[in-house]
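Structural overview for review
If you want the building blocks of each chain, they are given just below.
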Amino acid sequence: MVSVTLLVLLLLSVSPAGSEPESEQSSQQVSSPPHPTGEPSPVSEDSLSFPWSRLRLPRYIIPLHYHLVLNPNLTTLHFSGSVQIQIDVQNNTNWIVLHSKGLEISKATILDQNLAHLSEKVLPVLHNPSHEQIGIFSPRVLSRGQKYFLYIEFEAELAEGFYGFYISTYRNSKGETRSLASTHFEPTSARMAFPCFDEPSFKANFSVRIRRSPDYISLSNMPIVNTVDINDGLLEDQFAPSVKMSTYLVAFVICDFKSVTATTSSGVKVSIYAAPEKRKQTHYALKVAVKMLDFYEEYFNIRYPLPKQDLIAIPDFQSGAMENWGLTTYRETSLLFDPLTSSVSDKLWVTMVIGHELAHQWFGNLVTMEWWNDIWLNEGFARYMEYISVEATYPKLKVEEYLLHTCFAAVGLDSLNSSRPISSPAENPTQIKEMFDTVSYDKGACVLHMLRHFLNDEVFQSGIVRYLRKYSYRNAQNQDLWDSLVNTCSEEEFISGEHCYSGSQGSKNAYLFAGEHLDLTAMMNTWTLQKGIPLVTVTRRGPRLLLRQDRFLRTVLPTDPLWPSLQQGFLWHIPLTYKTDASTTIHRHLMTSSTDSIHIGEEASWVKINSDMTGYYVVHYEDGGWDVLIQLMRKNHTALSYKDRTHLIHNAFQLVTAGHLPLNKAMDLIGYLQLENHTVPLLQGLGYLEAFYHLIEKRDEPLLTNTLGKYILKFFRAVIDHQTWRDSGSVSERRLRSEVLSLACHLDYPPCLAQANQHFKDWLQSNGTLNLPTDVAGTVYSVGARNDHGWDSLLHTYKMSLSEAQKHKILFALTSSRDTEKLQRLLELGLEGKVIRSQDLSSLILMVARNPRGHYIAWNFVKKNWDTLVQKFQLGSFCIRNIIIGTTGQFSSPDDLPEMQLFFESIKEQASQLRATQLALDNVQKNIRWVQRNLQPLRNWLNDQMK
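Residues numbered from 1 in each chain as written. Predicted model: local features only at pLDDT ≥ 70, side-chain atom pairs only at ≥ 80, totals over all residues. Heavy atoms only, no water.

**Section: the sheet that holds strand β30 (residues 595-599)**
Operational definition: Strands are labelled as partners when DSSP assigns at least two bridges between them. In DSSP terms, a helix is any run of H or I states spanning at least four residues, a strand is any run of E spanning at least two, and both are numbered starting from the N terminus. For every element, the axis is a line fit to its C-alpha atoms; helices are fit only across the contacting stretch, and the angle between N-to-C directions ranges from 0 to 180 degrees.
Strand order in the open sheet formed by four strands is β30-β27-β26-β32, with mixed pairing between adjacent strands. Each edge of the open sheet is held by one strand with a lone partner, namely β30 and β32 (618-621). Sheet twist, expressed as the mean angle between neighbouring strand axes with direction ignored, is 25°.

**Topic: the state of the cysteines**
Cut-off, in case you're wondering: Disulfide: a pair of cysteine sulfur atoms within 2.5 Å of each other.
A complete count under the given rule lists two disulfides for this structure. A disulfide bridge connects C407 with C446, and the sulfur atoms are separated by 2.1 Å. Here the disulfide of C407 and C446 is left-handed, its torsion about the S-S bond being about -110°. Within this pair, whereas C407 is found in helix α6 (residues 400-414), its partner C446 is found in helix α8 (residues 438-455), the two being separated by 39 residues in sequence.

**Some remarks on the pattern of salt bridges**
Here the idea is simple: oppositely charged side chains can pair when their charged atoms come close. In plain terms, the rule: In the sections that follow, a salt bridge refers to a side-chain nitrogen of Lys or Arg positioned within 4 Å of a carboxyl oxygen of Asp or Glu. Each residue is placed in one exposure class: buried if its accessible area under a 1.4 Å probe, protein chains only, is under 20% of its type's maximum, exposed if it is over 50%, and partly exposed if it falls in between.
Applying the stated rule across the entire model yields 38 salt bridges. Between D198 and R191 there is a salt bridge, with its nearest N and O atoms 2.9 Å apart. R191 gets classed as buried once you look at its relative accessible area, which sits at 4%. For D457, the salt bridge goes to R452, with nearest N and O atoms at 3.1 Å. By relative accessible area, R452 is classed as buried at 16%. Among the charged side chains, a salt-bridge network with shared partners connects K101, E132, R191 and D198.

**Topic: helix α25 (residues 804-814)**
Cut-off, in case you're wondering: Here, residues are in contact when the closest pair of their heavy atoms is within 4.5 Å.
Summarising burial for α25: nine of the eleven residues are buried, a large majority. Among all positions in α25, only E804, A805, Q806, K807, K809, I810, L811, A813 and L814 are buried. Looking at the buried positions of α25, the neighbouring elements they touch are α3 (332-335), α4 (344-360), α23 (777-784), α24 (788-800), α26 (820-832) and α27 (841-850).

**Topic: the confidence of the model for the chain**
What counts is decided by this rule: The quantity known as pLDDT measures the predictor's confidence residue by residue, on a range of 0 to 100.
With 92% of its residues at a pLDDT of 70 or more, the chain has an overall mean of 91. With pLDDT under 50 throughout, residues 1-41 is counted as low confidence; its partners more than four residues away or in other chains account for 50 contacts. Segment residues 493-516 is flagged for pLDDT under 50; beyond a separation of four residues in sequence, or across chains, it makes 44 contacts in the model.

**Considerations on the environment of T539**
Which entries qualify depends on this criterion: Contacts described as polar in this section are N or O atom pairs within 3.5 Å, which, within protein, must combine one atom able to donate a hydrogen with one able to accept it, while residues neighboring in sequence count only if both atoms come from side chains.
Mapping T539 onto the fold places it in strand β26 (residues 534-541). A polar contact is formed between the side chain of T539 and the side chain of E622, at a distance of 3.5 Å.

**Describing the sheet that holds strand β2 (residues 78-89)**
Pairing in this open sheet of seven strands is mixed, and the strands run β4-β7-β2-β1-β10-β13-β12 from one edge to the other. Here the strands that pair on one side only, and so sit at the sheet edges, are β4 (104-111) and β12 (224-229). For this sheet, the mean inter-axis angle between neighbouring strands, taken without regard to orientation, is 15°. Here strand β10 (residues 205-212) pairs with strand β13 (residues 235-239) via four bridges, running antiparallel. Within β13, the residue paired with R211 across the bridge is E236.

**Quick look at the side chain of R383**
Along the chain, R383 turns up in helix α5 (residues 376-393). A polar side-chain atom of R383 sits 2.3 Å from a polar atom in the side chain of D442. Setting aside residues up to four positions removed in sequence, R383 forms contacts with H356, T406, Y441, D442 and A445.

**Some remarks on the packing of helix α30 (residues 878-888) against helix α33 (residues 915-945)**
Rule in force here: Note on angle classes: values under 35 degrees are labelled roughly parallel, values over 145 roughly antiparallel, values of 65 to 115 roughly perpendicular, and the remainder oblique. Crossings are sorted by hand: turned counterclockwise from the far helix by less than a right angle, the near helix makes the crossing left-handed, and turned clockwise it makes it right-handed.
Orientation of α30 relative to α33, taken along the N-to-C sense of each, is 15°, at an axis distance of 9 Å. With respect to α33, the element α30 is oriented roughly parallel. In the packing of α30 onto α33, the handedness of the crossing is right-handed. Taken together, the residues of α33 that come into contact with α30 (itself represented by R881, I884, I885 and T888) are A916, T917, L919, A920 and V924.

Structure follows, in structure tokens:
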């Protein structure tokens, strides 16, 4: 025993982290007391200790190619498999450390380049479950510069939930339950399906073989090249080797789905897969996917590198979709479109999600971030490319009208002190999951939008093409993007005559563009490496504008003692744009200091900063500046674009919350809306009034709630009465119809209720065969759900419907019931996961929380079932984040805060890992302050208006 322990100590001195090259003797078989066979002495697993203590894997072993065989059984819900990984050894070692989670490993061996076993013994496998790692010990030292094969056999249960290799089910129209197995690996769940080096920078090729019953088909990233019969009546599908990619992009599905297929102009085969009875709902997605792939190949000037692209609708799916290379997976609502039940908003959603996932085939798949701290390089770009691609391919959908709301969502989170920088440290799986948030997606997209408009479209596009070309099949960081955008390059490229600066010149010379001396790295670091959003305060002094930048916070007032410390060290390089009535030109100015000034001339009577909100910053106009703009909006609102009008409304109400502007000023500003003909500013102003109404109706303020409701109906009556109950008009008009009629019926406007009741009655009498106008179906269902018979009929339809779009509208209606027992029943059904799928539970909870009668029911449900919810959705997931922030989002009483803190204290170990808990507390503090400051002014303002 002593000799074995000493041997282990000697072996462990060969550092897994990568030591200096060992002597020739130490790279040979380790010497030990001779055995008659001449083999190394066996090492007891009990005598070994795990050789690695860090969360990230050591870099001394590099995977090159995985040969993966999987045999899933959809009857026993179990799978077995083997993986042979070709590895490149960077430093002498006896250990291979890689990821594995929940897998039972039955065998591990190492082979040399000639496939000869290094040891006749099965190798010891050590587990470190807290880091989801295994260590495999080789008695023979693996030599630097050599390649080997690691072979592992394993098995596990198909996972329950939404990560790893998991089971999903659907019911057909006969009521039969059918099963399928699917994968979702991002960010850290490939290790649940097979042992692997599960980090984005360990890119490799993958050759996949899947065994299945003849009743099913199998799909993976690449096309099938061969199918062979094997024992027990099974078939084995053998897929072509993949391109070099990260483990989180590997995918496979075993199902009995049907597909529709078409080919892009460059010959890529595109197929949409869905449950057989939903095949008719796949045709729209097929048109979009073909059109999008053609667009991206042209825009990026890089061919899509795979021969096929499959898109598949998975019945159980937590997120919206996943960009696995060549096999993108979707929630059914994100891919399927039923013309009879899907609204124009549903159509836009499907189009944007497909645009997002196909953008990832380049941003994320072809070029991948080095580590999860820069996930925004994937998600921010894909979110922004949604808008660029849909605007180019489906201009009638008016997608540009939605980009403002993406940026408004980012501002909402980023103006809380608990926000984070776009690029933030993330090490463990929970922290990594939390990176998939509003900051990475929405703020990332808006910062790119600002950059694109500052550099101009051509410079931006050529820069990202250069980035994609230079880092194809590799990993990149923030700096690589900035270098590509300013056209810097390596010395070799410079010498070869490329049109670019050398790397050394690039750091010495400011990039000159459009009259601005721009150090792009310095500028963009202020947006990606520090949290928050700037507030630009503007004061007019004759011909000049005086500018000041501060950090914009909605939770702390300038008069608070905490204010100076929370402002300390924040400074942005802000690409300002502005327009005045003295010129048609959009002026540009880069603000790099805390104070600045601009000459606009005496003749300008008004100025609007941040033209069309292309910049990611909030603007406050001091010393009567808001009064000038309020008068402009009342007298000549079309002097400003609809985006500028919407931006002013947003800024004004954000400044009210932050304590920079009195509420009556913001309310006066939206007074012009009776003259407004554009949907976007109209819905922005209405949206704030609706938000106030929903906040107040959850408080014991019946008189104020009633007065505000009457004011909204009075002010917007002309708009409401103008709406038809048919699916007609432009996309913008149809969106306005949905929003306005939904609110009018919620406020019990008699003509609205009468129309909705009649439509619902007709629908009931038709036994569900009548197709309601899709734009108003949700409103009709919500009114119909107010009585028991209507509610029960809707629940029955929900159970039977094959349209996820219709089911979503019905679920929203069911949760609008004023019967608390019905709300409680829905939550229990969601928890059970049969009638209402588990994938819909988080949105169900938020729908119940939206209901003033269900406000605290939802919160109490979350507290009671917290452990179950975490088990279903995983800590750090966006579902858990939405549940925490969403259920508490409209708490506004000082009594709510300590109650929340008490619950978070009771789950301290989990809550301490979640940024979402602090965001939720910040949000409620913001609400409490808003109510304390603005409830009485709102009351006074409404009383004046209703006289």
